[in-house]
Amino acid sequence: MDVLNNISRLKQKIQFDPFSILESIPKFSKKEISDIFIFRFDGFDTEFIAENSLALLTGSKILCDHLLLFFDEQGHFLKSERLPTDLYHKKISIKTLLDIEKVKLGSFVHFVRYSDEILKEYSSILKETTFQHRGYTGFKLNDSLAYSYVHGNYGGIYKKHQNNIFSVSRIRQKFVYTPQVKLKPGFKYEFFFVSPNKKNIILDFYKVKNNKKDHIKTFKLKFLEICSLVLSFDDNSEVYNVSWESHLPVGRCIIFENNMHTNNVFHS
Amino acid sequence: MSDYLFLSKIDNCIENYIYLNRYTPNRQEKADGLINFKVGIFLQKFHENNWYLVDEKFFDNNESLFISSLEYDLSIGELLVVVPADSSKVFEKKYDELPKPLSRKVDLSPINERTEIGYRINDSFSSYQGEFPYKMSCFKGTFLSFDPLIQHAKGITNKLIFINIFSKKIKTKDIFQLHIASANTKRKYKSYDYVNNSALIIDIGNYNDEICFYSKDTLGVPIFLSHDSNSIFSVEHTHPPSEFFWKNKFHAQSVLKSNWLNQLK
């Protein structure tokens, strides 16, 4: 009976687990995992705040290289950049790293590199540690004084060699995501979603009111491809809640909420 | 898993609001997404150790609730804890332990229930999807956070809003301290007093140094708010240190905290 119960519990756990089941086995677990972040330059500026993971873990200044891999809107690799620092957190202006006339929207992932000497010195602590790079992205309108920050959301991206990246994200049964967001008359909403999964993903957006859903739009996405749903409400619009459905247990958007007074960016 | 929500008075200009709807945020398609609940709103005054029911809010025929700090006569730093509960639950007027919140989950989907937590000046606002997990409210804990969300543009004020909820019975209301220190030298710059079940609000000021925030007395949720006199630019919480790690998160967090807190006096 215990065996049957254990199998049933494992089956249930897998149904809701957003990541590969192999990740729960230490032998197969990756050594570094990154969230996926977006950048945009269509009237916005983007800043990334990178965490120096080993320095934060040990509480001491340690020199690292922040390694950023950039992808275009379709998920094609653009370039990589290495930025040395011994700061605990480094603020990186993304426009200084990309040709923003050519690429207005895309994504990036973040890893941290240490010298062989440092890896040797901290080998015992590193043996038991898998870093997760979540970071923060800041977005501001070009004429604004300051950024609106949002922390890393979801990714499960790892790097094997060169610039080849993979994902521990897995698809399961269909999931629904309904953010706790009041859509307001007079505002424009942009929902950005980056696919973290190697398989093609279908993402369906719905308006939801009185527990009834009306289809808005379907996106088909390849790995790291970005889609954006734009909803604009004038002052007299009828507003509703928004839901989306996909086979990802954690399928979260970055949401931009704008009018002439407000630039609010948050993860769902 | 279940969560408290919260509201506080930040100052005389900034409104704090929460918005929540009856849809569970994350679920499998086959589960019903609409849930029936109400919220009780509780206050523990700075010098009290009992919780008092201040208000109850019902969805009635609506799908959403909007609750503002301006609806309540609060002192700066007083914290209203919003407790989701079954619609049929009858709240007492007074508790020595804060009622456990109702879980708004309908299955084992991974994302916490949350709410839109927002701050507004005039027509300008910023928000994030947040919560205070019930589990965190059962432990004394310690706190450590860093400064990445501080912005240095001219005219910008950065605030730390440190939310502490302790739901268990409190015998006496102790005075705790949150400190700002240099992340590099670990030298302490400033200390601030706070008590359980309050929002400590700090104007962070300017430091020519990477700084950290810590308390050896309690845990808490740190919210960083950047604003000027007319606009709110950013509201976001920093990651708890456990989020720097993929596996064995809580073991690694305790190693990290001990590495820092042993150096911070």
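Computed from a predicted structure; not experimentally measured. (Residues numbered from 1 in each chain as written. Chains lettered and ligands numbered in written order. Predicted model: local features only at pLDDT ≥ 70, side-chain atom pairs only at ≥ 80, totals over all residues. Heavy atoms only, no water.)

A. Summary view of the interface of chain B and chain A. On the side of chain A, 72 residues touch chain B, which itself brings 65 residues to the contact. The contact between chain B and chain A buries some 5,800 Å² in all, and 52% of this surface belongs to carbon and sulfur atoms. The largest per-residue losses of area from chain B upon contact with chain A belong to F125(B), H239(B) and W246(B), which jointly make up 13% of the total buried on that side. Our count for the chain B to chain A interface comes out at 3 salt bridges. Linking chain B to chain A there are 41 residue pairs in polar contact (both at pLDDT 80 or more). Elements that contribute at least two residues to the side of chain B that touches chain A include exactly β2 (15-21), β3 (26-28), β9 (115-121), β10 (124-130), β19 (232-237) and α1 (249-261) of chain B. It is α1(B) that contributes the most residues to the side of chain B that touches chain A, 7 residues altogether. Here the side of chain B that touches chain A is built from residues that sort into 27 nonpolar, 20 polar and 18 charged. Relative to β3(B), strand β13 (residues 175-177) of chain A runs antiparallel, the two sharing 3 bridges. (Contact = heavy atoms within 4.5 Å. Buried area = accessible area lost by both parts, 1.4 Å probe. Salt bridge = Lys/Arg side-chain N within 4 Å of Asp/Glu carboxyl O. Polar contact = N/O pair within 3.5 Å; in protein donor to acceptor, adjacent residues only side chain to side chain. Helix = DSSP H or I, 4+ residues; strand = E, 2+ residues; numbered from the N terminus. Nonpolar A, V, L, I, M, F, W, Y, C, P; charged D, E, K, R; others polar. Pairing = 2+ DSSP bridges.)

B. Local environment of the nonpolar core. Counting residues in each nonpolar core, the largest one holds 46 residues, and the members touching the most others are F6(B), Y119(B), I163(B) and I223(B). Shared between two domains, this core holds at least three residues of each, these being domain 1 (3-120) and domain 2 (139-263) of chain B. Grouped together as the second largest cluster of nonpolar side chains are 33 residues, Y177(A), F205(A), F233(A) and Y240(A) included. (Core = buried A, V, L, I, M, F, W, Y, C linked by side-chain atoms within 4.5 Å. Buried < 20%, exposed > 50% of the residue type's maximum accessible area, 1.4 Å probe, protein only. Domains from an automatic or database assignment.)

C. Examining the sheet that holds strand β12 (residues 143-146) of chain B more closely. Residues and elements named next belong to chain B. As summarised here, the arrangement of the 4 strands in space is β12-β17-β14-β15, forming an open sheet in which the pairing is antiparallel. Only two strands of the sheet have a single partner each, and these edge strands are β12 and β15 (188-194). The mean angle between the axes of side-by-side strands here comes to 20°, regardless of whether they run parallel or antiparallel. Sheet analysis places strand β14 (residues 176-182) next to strand β17 (residues 211-215), joined by 4 bridges and oriented antiparallel. Across the sheet, residue S182 finds its bridge partner in β17, namely I211. (Axes fitted to C-alpha atoms, helices over the stretch in contact; angles between N-to-C directions.)

D. Layout of the environment of K102(A). Residue and element names in this part refer to chain A. With respect to the element layout, K102 can be found in the loop between β6 (89-93) and β7 (105-113). For K102, a relative accessible area of 73% translates into the label exposed. Through-space distance from the C-alpha of K102 to that of Y122 is 41 Å; in sequence the pair is 20 residues apart.

E. Structural view of the pairing of strand β5 (residues 77-85) of chain A. Residue and element names in this part refer to chain A. By the bridge criterion, 8 bridges tie strand β4 (residues 64-72) to β5 in an arrangement that is antiparallel. Bridge pairing in β5 links D65 to P84. Here β4 folds back onto β5, and the loop between the two strands holds 4 residues, one of which, G75, carries a positive phi near 95°.

F. How the structure looks around the side chain of T178(A). Mapping T178(A) onto the fold places it in the loop between β13 and β14 (188-194). Given the relative accessible area of 2%, T178(A) is considered buried. Among the polar contacts listed, one links the side chain of T178(A) to the side chain of S243(A), at a separation of 2.7 Å. Each residue touching T178(A), except ones within four places of it in the same chain, is listed here: V242(A), S243(A), Y23(B), T24(B) and P25(B).

G. Region of the structure containing the sheet that holds β4(A). All names here are of chain A. The strand order across the open sheet built from 4 strands is β2-β7-β4-β5, with neighbouring strands paired in antiparallel fashion. Two strands bound the open sheet, and with one partner strand each, they are β2 (37-40) and β5. Direction aside, the axes of adjacent strands within the sheet are offset by 30° on average. Across 8 bridges, the pairing between β4 and β7 is antiparallel. Bridge assignment links D65 to a residue of β7, and that residue is R113.

H. Main features of the pattern of salt bridges. Inspection of the entire model under this criterion finds 25 salt bridges over all chains. Where E116(B) meets K184(A), a salt bridge forms, and the shortest distance between an N and an O atom there is 3.8 Å. Of this pair, E116(B) sits in strand β9 while K184(A) sits in the loop between β13 and β14, placing the two residues on different chains. Classification of E116(B) by relative accessible area gives buried; the value is 1%. A residue is classified by how much of its surface remains accessible, and K184(A), at 10% relative accessible area, is buried. Taken together, the shared-partner salt bridges in this structure form one network comprising D35(A), R134(A), E243(B) and K249(B).

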